[in-house]
Amino acid sequence: MEAFDYVIVGAGSAGSVLASRLSEDPGTTVALLEAGPRDWHPFIHIPAGFIKTFKNRRINWCYDMEPSEGTAGRRVFAPRGKTLGGSSSINGHIYNRGQRMDFDNWAQRGNRGWGYADVLPYFRRMERRLGGDDTFRGRDGAMEVSDIPWRHPLCDAFIEGAVQHGIPRNPDYNGTTQEGVNYAQRTIGNGRRVSAATAFLKPAMKRPNLRVITHAHATGLILEGKRALGVRYAMGGRGGPAREVRARREVILSGGTYNSPQLLQLSGIGPASLIGDLGIPVVHELAGVGENLRDHYAPRFTARVKNIATINERARGWRLGLEVADWVFRRKGILGLSPTLVYCFWRSDPGIADCDMQMTFTPASYKEGVQGQLEDEPGMTVAPWQQRPESVGWVRARSADPFAAPIIQPNYLAEAEDQRVLLAGMRLARKLIHSAPLAPYLAYEAYPGADVQTDDEFLAVARERGTTTFHPAGTCRMGPASDPAAVVDDQLSVHGMEGLRVIDASIMPMMISANLNASALMIGEKGADLLRGRPAPDAAVLPR
Ligand SMILES: Cc1cc2nc3c(=O)[nH]c(=O)nc-3n(C[C@H](O)[C@H](O)[C@H](O)COP(=O)(O)OP(=O)(O)OC[C@H]3O[C@@H](n4cnc5c(N)ncnc54)[C@H](O)[C@@H]3O)c2cc1C
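Residues numbered from 1 in each chain as written. Predicted model: local features only at pLDDT ≥ 70, side-chain atom pairs only at ≥ 80, totals over all residues. Heavy atoms only, no water.

1. Topic: the packing of aromatic side chains
Argument step 1. Considering all chains together, one arrives at 15 aromatic pairs under this definition.
Argument step 2. Centre to centre, the rings of phenylalanine 50 and phenylalanine 54 are 5.8 Å apart; their planes meet at 45 degrees, and the pair counts as tilted. Grouping residues by exposure puts phenylalanine 50 and phenylalanine 54 together as buried.
Argument step 3. Between the aromatic rings of phenylalanine 158 and phenylalanine 361, the centroid separation amounts to 4.6 Å while the plane-to-plane angle is 15 degrees, which identifies the pairing as stacked. Residue phenylalanine 158 is located in helix H6 (residues 153-164), and its partner phenylalanine 361 is located in strand S20 (residues 357-362); the two are separated by 203 residues in the primary sequence. (Phe/Tyr/Trp six-rings, centres within 6.5 Å; stacked < 30°, edge-to-face > 60°. Buried < 20%, exposed > 50% of the residue type's maximum accessible area, 1.4 Å probe, protein only. Helix = DSSP H or I, 4+ residues; strand = E, 2+ residues; numbered from the N terminus.)

What follows is the structure, encoded as structure tokens:
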């Protein structure tokens, strides 16, 4: 059996950073197992290829969540990256860290070293950004964060409408404050996607001490009592040859919010009753494994547009030919864009300390009920969501079969507070669509339409048509031993186990006010320092 110092499961956002940082030390050997293939697919690297990777089972786990009251009995589709770079290879490119208070809340819950002043140096270390304040922004990291080099009159009008509503224009929502409206910041460089794989993993793959094994589906942990010794995996997935790899120091799970808890449960670590029902011997009872699932959930407003062309028409026929040429020869045009272009952060109530609603705008629209397909007529879309939902769901292994998709119950909108904030967001979305600056372009609101007026009607729309915004977190939550639902401690070690850590978005104790890629990368950065026993960088000195 092959042996390495560290064995990492999952080459996603966090796992790629981790493998890259750990292998910087030539005396340390690292194996990185990834269930998916290399990120060879050309649509991964073309930003607008997002639409094409959305349901591609070769590079996407394509999960379906369980029905619930909050989704009017529907199953909501849950894409997840299954390739080098993980979800950062199929995501919407938006770079958003969240608010100072998000991380201060993590620290407040007993997680030393995870307050904003502590994690900001890691955000800065990994980032390459032009512009903004040096206190907040990194200059020479591997992850390029760029502005959108493209302007559209509908985006400008949406921003102006928000400003007229009292929402300030914010030049940097990753700076002093998130609140405000502006064009988005993206992980796109020279018109191509910058993923955790292209930024961190690929440059490290030439090192002889890093072995990246693709098509390696981890099926369970090799344990001796409560110590993790290695990982079992199947080459090529179901039916493929079974292999094992041993970890001299530690095993690290970076399989993401759905798969990391599933692998723990399949290995006998988790709620005893669930593991018993699966017919698996309980190795270590840990009630929180798979619990505390949090996610962002958004309904969309679409409007028909007049007097101007939108992305919908430019993405068809001969016009698409021109766009393809523009991207191939100049790395410009709509193929180099992220799916959402403008971000707006605002409060559901003036008394709320920091904005609790996020809203995206794009001069394009998707066919209703058919995710990922642009409409034929000119259209624009606004999607509001609550930033810090209180509803919690869970992830459970469906059976002892490691190739079966886990059961995912998100419980969207279960809490009254989530309904309240989402309603405020939907009402704001409608106001902004009907703002004076957008009036010359607005033909009519196509969905949900003028008939929808009361709170009950808005909530029914949210339940019937809302979708995930792809930010599941929290199923291996970080917390002190006194927290009965904590899975890892603030060193990211699994409580009660030895030689086993979880390092990915699943460790987030609470949902942050952001899209999650930036923070998953940060968790990989900090996780690497914890494993290497390096002293934490000096905490940032933040303006009061
Ligand atoms: C469609 C989509 C759009 C998104 N848009 C944005 C956005 O615009 N901005 C943003 O900030 N965030 C966005 N996100 C979310 C963000 O990309 C993720 O939250 C983040 O990448 C999660 O990182 P992670 O390391 O926790 O997991 P992942 O990046 O998902 O990595 C997990 C990796 O583990 C592998 N794996 C899992 N199980 C096994 C196993 N058993 N054996 C071997 N390997 C395994 C997976 O294949 C995957 O490569 C989006 C996500 C999706 C899916």
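2. Some remarks on the sheet that holds strand S21 (residues 379-386)
Argument step 1. Here we have six strands laid out as an open sheet, ordered S7-S19-S20-S21-S18-S24, and antiparallel in their pairing. Every other strand in the sheet has two partners, leaving strand S7 (180-183) and strand S24 (442-447) as the edge strands with one partner each. With strand direction ignored, the average angle separating the axes of adjacent strands in the sheet is 20 degrees.
Argument step 2. Bridge count for S20 against S21 is six bridges, and the pairing is antiparallel. (Pairing = 2+ DSSP bridges. Axes fitted to C-alpha atoms, helices over the stretch in contact; angles between N-to-C directions.)

3. A few points about the nonpolar core
The tendency in soluble globular proteins is for nonpolar side chains to be buried as a group.
Argument step 1. Core analysis: the biggest nonpolar cluster contains 80 residues, and Trp114, Phe123, Leu264, Leu500 and Met522 have the highest contact counts within it.
Argument step 2. Of all the elements, helix H14 (residues 517-532) adds the most residues to this core, at seven residues.
Argument step 3. Here methionine 522 is in contact with Phe103, Trp106, Trp114, Val119, Tyr122, Phe123 and Met126, once residues within four sequence places are set aside. (Core = buried A, V, L, I, M, F, W, Y, C linked by side-chain atoms within 4.5 Å. Contact = heavy atoms within 4.5 Å.)

4. A look at the sheet that holds strand S6 (residues 143-147)
Each strand in a sheet pairs with its neighbour through backbone hydrogen bonds, running either in the same direction (parallel) or in the opposite one (antiparallel).
Argument step 1. If you walk across this open sheet you meet the three strands as S5-S6-S8, and the pairing is mixed. Two strands in the sheet have a free side with no partner beyond their single neighbour: strand S5 (127-129) and strand S8 (185-186).
Argument step 2. Note: S5 against S6, three bridges, orientation parallel. Paired with arginine 129 across the two strands is valine 145, which belongs to S6.

5. Overview of H14
Quick reminder: α-helices carry 3.6 residues per turn. Residues three or four places apart thus point the same way.
Argument step 1. Given a rise of 1.5 Å per residue, 16 residues ought to cover 22 Å, and the 23 Å separating the end C-alpha atoms of H14 matches this to within 8%.
Argument step 2. Extensive coverage of H14 is indicated by the burial of 15 of its 16 residues.
Argument step 3. One or two steps after H14, the chain reaches glycine 533, where phi turns positive at roughly 65 degrees. (Expected span 1.5 Å × (residues − 1).)

6. Points about empty space enclosed by the protein
Argument step 1. Under the definition given, this model contains one cavity of 30 Å³ or more.
Argument step 2. For the largest cavity, the calculated volume is near 110 Å³.
Argument step 3. As for the largest cavity, its lining consists of 13 residues, and the residues nearest its centre are Asp295, Tyr297, Pro389, Leu413 and Asp418.
Argument step 4. Each residue belonging to the lining of the largest cavity can be placed in one class, and the counts come to seven nonpolar, three polar and three charged. (1 Å grid on protein atoms, 1.4 Å probe; cavity = no way out; pocket = protein on both sides within 12 Å on 5 of 7 lines; lining within 4 Å. Points joined across faces, edges and corners; volume = space filled by probe spheres on them. Nonpolar A, V, L, I, M, F, W, Y, C, P; charged D, E, K, R; others polar.)

7. Quick look at the pattern of salt bridges
Argument step 1. Applying the stated rule across the entire model yields 34 salt bridges.
Argument step 2. Between glutamate 250 and arginine 501 there is a salt bridge, with the nearest N and O atoms lying 2.8 Å from each other. Separated by 251 residues along the polypeptide, glutamate 250 in strand S14 (residues 242-253) and arginine 501 in strand S26 (residues 500-502) bring together distant segments of the chain. Exposure class is identical for glutamate 250 and arginine 501. Each is buried.
Argument step 3. What you see here is one network of salt bridges that share partners, running through Arg21, Glu24, Arg125, Glu525, Asp529, Arg532 and Arg534. (Salt bridge = Lys/Arg side-chain N within 4 Å of Asp/Glu carboxyl O.)

8. A word on the domain arrangement of the chain
Argument step 1. Entries for the chain in the domain assignment read domain 1 (1-46 + 80-144 + 193-295 + 391-404 + 472-539) and domain 2 (149-183 + 297-386 + 414-465).
Argument step 2. Between the C-alpha centres of domain 1 and domain 2 there is a distance of 31 Å.
Argument step 3. Each side of the interface is counted separately: domain 1 has 18 residues, and domain 2 has 21 residues.
Argument step 4. Summed over both partners, the interface of domain 1 with domain 2 comes to about 1,600 Å²; 46% of that surface belongs to carbon and sulfur atoms. (Domains from an automatic or database assignment. Buried area = accessible area lost by both parts, 1.4 Å probe.)

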